[in-house]
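Here is what each chain is made of, one letter per residue.
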Amino acid sequence: MKIALNSPQTVYRKNKGLLEALHIDGWLLLGILMLLAGSTLLVYSASGGDWDVVYRHLVRIGFAMGLMLLFAQIPPNILYLFTPWLFGIGILMLIAVILVGDVGKGAQRWLDFGPVRFQPSELMKLVLPMTVAWLFAHSSFPPSYRRLLFGAALIAFTAGLIVVQPDLGTSLLIAMSGLFVLFFAGLPWKVILGAVFAAIVSLPIVWHFMHAYQKQRVLTFLNPESDPLGSGYHIIQSKIAIGSGGIEGKGFMGSTQAHLEFLPESTTDFIFSVLAEEFGLIGVIILLSVYVFVIARGLYIATQAQDNFTRLIAASLMMTLFIYVLVNIGMVSGLLPVVGLPLPLISYGGSALVTLMISFGILMSIHTHKKMLTK
């Protein structure tokens, strides 16, 4: 009896056909799975081998993957139709946070729906760039100053609602996601340079209105050794962990800073420090290489998009991911002030992971549907 074996080429074509039928981009999925696999190992190590934490992390990954698959099935023209409504709902929820929001860790950032506690600012990380892209969907490039001014007003209004929660770090990052859309839409360099100059000039005013804990974060960033057992403790311990890893690291489960509980928030905001201590410079380079691969694939998808709306969304989402990675690594390395931002696809947590996976689903939809917007 002869047993028919499929050749590698046949298996590849079958798998590719299945991914295309599910509207999944194989290369992007590969990069995401590599990051999530590394995340699971790091969460296990940082938690001291706590399988309950790992189980909850895997459940969140499964839920987020399901949402990615769901959004990959939604054609971009459907997203275009619903974008203004999503923006309106998001703004109403941000206003509701200010009026009746749930308070946690000294900030009023959540809406409590009984079994679900939701942070609307996470939704706006996706909705704001989609809304600004919607505004320029049928605009010629470069767009008119009136349209650019209106887009800037939407960004400022949304960021302002988040600032008063207070959540300055998230508001700046969300504003960046919208500003990336303006940049890719053709924002003139003289406007960009003028905005940078205005931001620098307004720093004393911004400092005056900052909360005490926000000012302390900046002062700690400038000189963490001034209060080594207080506000500077976190960043000092993080830098010790990163530096002690050397070139090759101490090995898996070898993070003494995390296991002896010197490193705070080791499974969330400071998980990069655990990676650097256990896998050293080599592990850091591998992680950054995978991030570069994912971002490059996303930008390639942006170049292949067939309309302004999808092109601007794809480019903005990938540049926003780049900023999140840059800010987290800069934060735990002492190069930027601590803002409480998780490392994308690596840190333990639900809200940020769900938002990221939905954004990847939108990217895959853009790449696989290849539909022009109805004009």
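What counts, and where the lines are drawn
Residues numbered from 1 in each chain as written. Predicted model: local features only at pLDDT ≥ 70, side-chain atom pairs only at ≥ 80, totals over all residues. Heavy atoms only, no water. Helix = DSSP H or I, 4+ residues; strand = E, 2+ residues; numbered from the N terminus. Buried < 20%, exposed > 50% of the residue type's maximum accessible area, 1.4 Å probe, protein only. Areas by Shrake-Rupley, 256 points an atom, 1.4 Å probe, with all protein chains shown as cover. Core = buried A, V, L, I, M, F, W, Y, C linked by side-chain atoms within 4.5 Å. Contact = heavy atoms within 4.5 Å. Salt bridge = Lys/Arg side-chain N within 4 Å of Asp/Glu carboxyl O. Phe/Tyr/Trp six-rings, centres within 6.5 Å; stacked < 30°, edge-to-face > 60°. Patch = residues over 30% accessible without salt bridge, like charges linked within 9 Å, V, L, I, M, F, W, Y side chains within 5 Å. pLDDT = per-residue confidence, 0-100. Axes fitted to C-alpha atoms, helices over the stretch in contact; angles between N-to-C directions. Parallel < 35°, antiparallel > 145°, perpendicular 65-115°, else oblique. Left-handed = near helix turned anticlockwise from the far one by under 90°. Nonpolar A, V, L, I, M, F, W, Y, C, P; charged D, E, K, R; others polar. Expected span 1.5 Å × (residues − 1). Bend = angle between axes of the 7 residues up to and from the residue.

Asks: Residue-level account of the overall build of the protein, with values.
Replies: Check the secondary structure of the protein and you find 15 helices and 3 strands. The burial tally for the protein puts 47% of its 375 residues in the buried class. Surface summary for the protein: the accessible area is close to 18,900 Å², and the carbon and sulfur share equals 71%.

Asks: Talk me through the nonpolar core; I want residue IDs and the actual numbers.
Replies: Ranked by internal contacts, the top residues of the largest apolar core, which has 86 residues, are Phe136, Met357 and Phe360. At 13 residues, helix α13 (residues 271-304) tops the list of elements feeding residues into this core. Discounting chain neighbours no more than four positions away, the residues touching methionine 357 are Ile32, Leu36, Ala64, Met65, Met68 and Leu345. With 7 residues, the next largest nonpolar core counts Phe180, Met319, Tyr324 and Val327 among its residues.

Asks: Explain the pattern of salt bridges to me, using residue names and the numbers behind them.
Replies: Using the criterion set out here, one finds 3 salt bridges in the structure. A salt bridge links lysine 125 to glutamate 122; the shortest N-O distance between them is 2.9 Å. Of this pair, lysine 125 and glutamate 122 both sit in helix α5 (residues 120-135), separated by 3 residues, roughly a single helical turn. Its salt-bridge partner being glutamate 277, residue lysine 250 comes within 2.8 Å of it at the nearest N-O pair. Placement of the pair is lysine 250 in the loop between α11 (233-244) and α12 (256-259) and glutamate 277 in helix α13, with a sequence separation of 27 residues. Assessed through its relative accessible area of 0%, glutamate 277 is described here as buried.

Asks: Pulling in residues and values, what's your account of the environment of alanine 72?
Replies: With respect to the helices, strands and loops of the structure, alanine 72 is situated in helix α3 (residues 51-72). Assessed through its relative accessible area of 0%, alanine 72 is described here as buried. Each C-alpha atom, one on alanine 72 and one on histidine 369, is 8.9 Å from the other, the two residues being 297 residues apart in sequence.

Asks: Any chance you could break down the side chain of serine 177 for me, citing the residues and the numbers?
Replies: If you trace the backbone, serine 177 turns up in helix α7 (residues 168-184). Contacts of serine 177, omitting those with residues within four sequence positions, involve Lys125, Leu128, Pro129, Ser316 and Thr320.

Asks: Lay out unusual backbone geometry in plain terms, naming residues and giving numbers.
Replies: Even without glycine at this site, leucine 345 takes up a positive phi of about 65°. Within the element layout of this structure, leucine 345 appears in the loop between α14 (308-332) and α15 (351-369).

Asks: Go over the side chain of threonine 40 with me, naming the residues and quoting the values.
Replies: Relative to the elements of secondary structure, threonine 40 occurs in helix α2 (residues 26-46). With sequence-adjacent residues up to four places away left out, threonine 40 is seen in contact with Val54, His57, Leu58 and Ile61.

Asks: Give me the lowdown on the packing of aromatic side chains, citing residues and values where you can.
Replies: The final tally for this structure, using the stated rule, is 6 aromatic pairs. The interplanar angle of 80° and the centroid separation of 5.3 Å between the aromatic rings of tyrosine 80 and phenylalanine 309 together place this pair among those described as edge-to-face. Placement of the pair is tyrosine 80 in helix α4 (residues 76-100) and phenylalanine 309 in helix α14, with a sequence separation of 229 residues. Among the aromatic side chains, those forming a connected cluster through ring pairs are Tyr44, Trp51 and Phe252.

Asks: So what's going on with a nonpolar patch on the surface? Which residues, and what values?
Replies: Taken together, the side chains of Leu92, Ile95, Ile98, Leu99, Val100, Val163 and Val164 present a nonpolar region at the surface, about 650 Å² in accessible area. Of all the elements, α4 adds the most residues to the nonpolar patch, at 5 residues. Mapped onto the elements, valine 163 comes out in helix α6 (residues 145-163).

Asks: Account for the confidence of the model for the protein, with residues named and values stated.
Replies: Per-residue confidence for the protein gives a mean pLDDT of 81, with 83% of residues at or over 70. At the low end of the mean pLDDT range in the protein sits helix α1 (residues 8-21), at 61; at the high end sits α13, at 92. In the model, residues 371-375 has pLDDT below 50 throughout and makes 12 contacts with residues more than four positions away in sequence or in other chains.

Asks: Tell me about the packing of α11 against α13, and name the residues and values.
Replies: Interaxial distance between α11 and α13 falls to 6 Å at its minimum, and their mutual angle equals 30°. With respect to α13, the element α11 is oriented roughly parallel. For the crossing formed where α11 meets α13, the hand is left-handed. Every residue of α13 that contacts α11 at Ser238, Ala241, Ile242 and Ser244 is listed here: Phe272, Ser273, Ala276 and Glu277. In terms of residue class, the contact of α11 with α13 is built from 4 nonpolar, 3 polar and 1 charged.

Asks: How would you summarise α5 if you had to cite specific residues and measurements?
Replies: Relative to the 22 Å expected for 16 residues at 1.5 Å per residue, α5 spans 22 Å between its end C-alpha atoms, a close match to the ideal helical length. At leucine 126, α5 shows its largest bend, some 35°, and a proline, proline 129, comes one to four positions later. Counting buried positions over the 16 residues of α5 gives 14, a clear majority of the element.

Asks: Can you tell me about the packing of α5 against α6, naming the residues and giving the values?
Replies: Running from N to C, α5 and α6 point in directions that differ by 170°, and their axes come no closer than 10 Å. Considering their axes alone, α5 and α6 lie roughly antiparallel with respect to each other. Of α6, the residues touching α5 (which contributes Ser121, Met124, Leu128, Thr131, Val132 and Leu135) are Arg147, Phe150, Gly151, Leu154, Ile155, Thr158 and Ile162. Of the residues in the contact of α5 with α6, the class split is 8 nonpolar, 4 polar and 1 charged.

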